[in-house]
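Each chain, letter by letter, is given below.
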Amino acid sequence: LVYPGELRGTKWFDEYKRQSYNLNLGLRQIINKKMVLAVFPGVSYQHGLLATPFHRVYFKDNSVRVEKLPGNRFKIPLGLQLNSFIGNKYVLNSYYRFYWDNFGIAAHTLELECNYKATPVLARAPFFRFYTQLAADFFKPYAEHDLSEEFYTSDYDLSSFDSYEVGMELRLKSLGKKSRLIFEELAIRYSYYDRSDGLHAHTITLLSQVQYRKKQR
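Trainee: I'd like a rundown of the pairing of strand S6 (residues 72-86), residues and numbers included.
Mentor: Of the strand pairs in this sheet, strand S3 (residues 35-48) and S6 are connected by 11 bridges, and their pairing is antiparallel. Bridge pairing links Tyr45 to Phe74 in S6. Looking at chain direction, S6 and strand S7 (residues 90-101) are connected through 12 bridges and run antiparallel. Residue pairing for S7: Leu80 is matched across the bridge by Tyr96. Connecting S6 to the next strand, S7, in antiparallel fashion are three residues, including Gly87 with a positive phi near 70°.

Trainee: How would you sum up the nonpolar core? Please name residues and give values.
Mentor: Within the largest apolar cluster, 17 residues are counted, with the highest numbers of intra-cluster contacts made by Phe13, Leu69 and Phe103. When sequence neighbours within four positions are dropped, the list of residues in contact with Leu69 reads Leu50, Ala51, Phe103, Phe138, Phe151, Tyr152, Thr153 and Leu158.

Trainee: Break down the pattern of salt bridges for me, with residues and values.
Mentor: Think of it this way: side chains of opposite charge can pair up when their charged atoms draw near. Inspection of every chain in the model, using the stated rule, returns 11 salt bridges. The salt bridge partner of Asp146 is Lys60, with a shortest N-O separation of 3.3 Å. One end of the pair, Asp146, is in the loop between strand S9 (122-133) and strand S10 (161-173); the other, Lys60, is in the loop between strand S4 (56-58) and strand S5 (64-66), with 86 residues separating them in the sequence. Under the relative-accessibility criterion, Asp146 is labelled partly exposed at 28%.

Trainee: Give a description of the layout of surface pockets that names residues and reports values.
Mentor: Its volume calculated, the largest pocket comes out at about 220 Å³. What lines the largest pocket is a set of 16 residues, among which Arg73, Ile105, Asp155, Asp157 and Leu158 lie closest to the centre. In terms of residue class, the lining of the largest pocket is built from eight nonpolar, three polar and five charged. Taken as a whole, the second largest pocket encloses approximately 170 Å³ of empty space. Lining the second largest pocket we find 16 residues, and of these Lys89, Tyr116, Lys117, Ala123 and Arg171 sit closest to its centre. Of all the elements in the fold, those that place two or more residues in the lining of the second largest pocket are S7, strand S8 (106-117), S9 and S10. The biggest single contributor to the lining of the second largest pocket is S8, with three residues. Of the residues belonging to the lining of the second largest pocket, the class tally is eight nonpolar, four polar and four charged.

Trainee: Would you mind going over the environment of Phe74 in detail, with residue names and values included?
Mentor: By the secondary structure assignment, Phe74 is in strand S6. What makes Phe74 partly exposed here is its relative accessible area of 42%. When the C-alpha atoms of Phe74 and Ser20 are compared, they prove to be 10.0 Å apart, with 54 residues separating the residues in sequence. Once residues within four sequence positions are removed from consideration, Phe74 is found in contact with Ser44, Tyr45, Trp100, Asp101 and Asn102.

Trainee: Would you mind going over the packing of aromatic side chains in detail, with residue names and values included?
Mentor: Applying the stated criterion across every chain yields a total of 11 aromatic pairs. Centroid distance Phe139 to Tyr156: 5.1 Å. Interplanar angle 75°. Geometry classified as edge-to-face. Linking Phe139 in the loop between S9 and S10 with Tyr156 in the loop between S9 and S10, this pair joins segments that are 17 residues apart in sequence. Overall, Phe139 belongs to the buried group, its relative accessible area being 13%. By relative accessible area, Tyr156 is classed as partly exposed at 38%.

Trainee: Outline the pairing of S8, supporting the account with residue identities and numerical values.
Mentor: The two faces of a sheet get side chains in turn, since along a regular strand they alternate between them. As paired strands, S7 and S8 are joined by 11 bridges and run antiparallel to one another. Counted as the bridge partner of Val91 is Asn115 from S8. Linking S7 to S8, which pair antiparallel, is a turn of four residues; within it Gly104 sits at a positive phi near 105°. Between S8 and S9, which pair antiparallel and follow one another directly, the connecting turn spans four residues.

Trainee: Which residues make up a nonpolar patch on the surface, and what values go with them?
Mentor: On the surface, Leu80, Ile86, Tyr90, Leu92, Tyr96, Leu110, Leu112, Phe128, Phe130, Tyr164 and Val166 cluster together to form a nonpolar patch covering roughly 860 Å² of accessible area. Among the secondary structure elements, those contributing two or more residues to the nonpolar patch are S6, S7, S8, S9 and S10. In terms of residue count, S7 provides more of the nonpolar patch than any other element does, three residues in total. Checked against the element boundaries, Leu110 lands in strand S8. Judged by relative accessible area, which is 38%, Leu110 ranks as partly exposed.

What counts, and where the lines are drawn
- Numbers given for residues are sequential positions, taken from 1 along each chain in its written order.
- Given that the model is predicted, a residue must reach a pLDDT of at least 70 before its local features are reported, and side-chain atom pairs must reach 80 or more before they are shown or counted; all residues, however, enter totals for whole chains, interfaces and linings.
- With hydrogens and water stripped out, all remaining heavy atoms of the structure feed into the side-chain values.
- Any two strands with at least two DSSP-identified bridges between them are counted as paired.
- Numbering of helices and strands starts at the N terminus; helices are DSSP runs of H or I of at least 4 residues and strands are runs of E of at least 2.
- Nonpolar cores were defined as sets of buried Ala, Val, Leu, Ile, Met, Phe, Trp, Tyr and Cys residues, with membership established by side-chain atoms within 4.5 Å.
- Think of it in three bands: with a 1.4 Å probe and only protein chains considered, a residue is buried below 20% of the maximum accessible area for its type, exposed above 50%, and partly exposed in between.
- Whether two residues are in contact is decided by their heavy atoms, any of which lying within 4.5 Å being enough.
- Salt-bridge detection follows one rule: a side-chain nitrogen of Lys or Arg within 4 Å of a carboxyl oxygen of Asp or Glu.
- Cavity and pocket criteria rest on a 1 Å grid covering protein atoms alone: a 1.4 Å probe that fits but cannot get out defines a cavity, protein on both sides within 12 Å along at least 5 of 7 lines defines an open pocket, and an atom within 4 Å of a point defines a lining residue.
- Grid points are joined across faces, edges and corners, and a volume is the space filled by probe spheres set on the points.
- Classification convention: Asp, Glu, Lys, Arg as charged; Ala, Val, Leu, Ile, Met, Phe, Trp, Tyr, Cys, Pro as nonpolar; all other residues, Gly among them, as polar.
- Pairing of aromatic rings covers Phe, Tyr and Trp, the last counted by its six-membered ring, and requires centre-to-centre distances within 6.5 Å; plane angles under 30 degrees mean stacked, over 60 mean edge-to-face, and any other angle means tilted.
- Only residues whose relative accessible area exceeds 30% and that form no salt bridge are eligible for patches; like-charged ones are grouped when within 9 Å, while nonpolar side chains (Val, Leu, Ile, Met, Phe, Trp, Tyr) are grouped when within 5 Å.
- In short, Shrake-Rupley with a 1.4 Å probe defines the accessible areas, and a residue's cover is counted only from the protein chains shown.

This is the structure we're talking about:
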């Protein structure tokens, strides 16, 4: 295990492995010609070393230790998806997800994406995602933990925060059929991400699907 440089003189953990077991299901129901509903229940269980060995935790007395978390974790996610066709050119994809685990985290996710087919070749899809979560029971910020606590972390991924992501995707389909090497679809996706603890990010993704056709004799 890799510990912080100033803490490598102590063997903090006897456990070196982690086992994860996941069960995810998907159930879909056609409501009518224009609406499809899907439910995604699941359950996860982890056992072993769940802490991150190279994460430092600073205490109120200025002492430093390696992050320590329980050795068992249950996760229960539940997702709901509703896709609706609006007219001939619009498709609204909506998604909600609830998450709970025995660390004390409870989270909600809401995603919306509107696909618009401007022409037979060009389509665009603006999207929005909002996420909020409660902090784990063992999280405290820098230098706020007590030495008497059994478990402790200052990892802000386990803190209470809100985030949102907004962006646009453009997709270009090919209509050419004479060339042996053609692209089926070209997509570019831009998103801006903002988190309430100060993290900001810009992401650009490029996707292309190419098909090679054999020469007919």
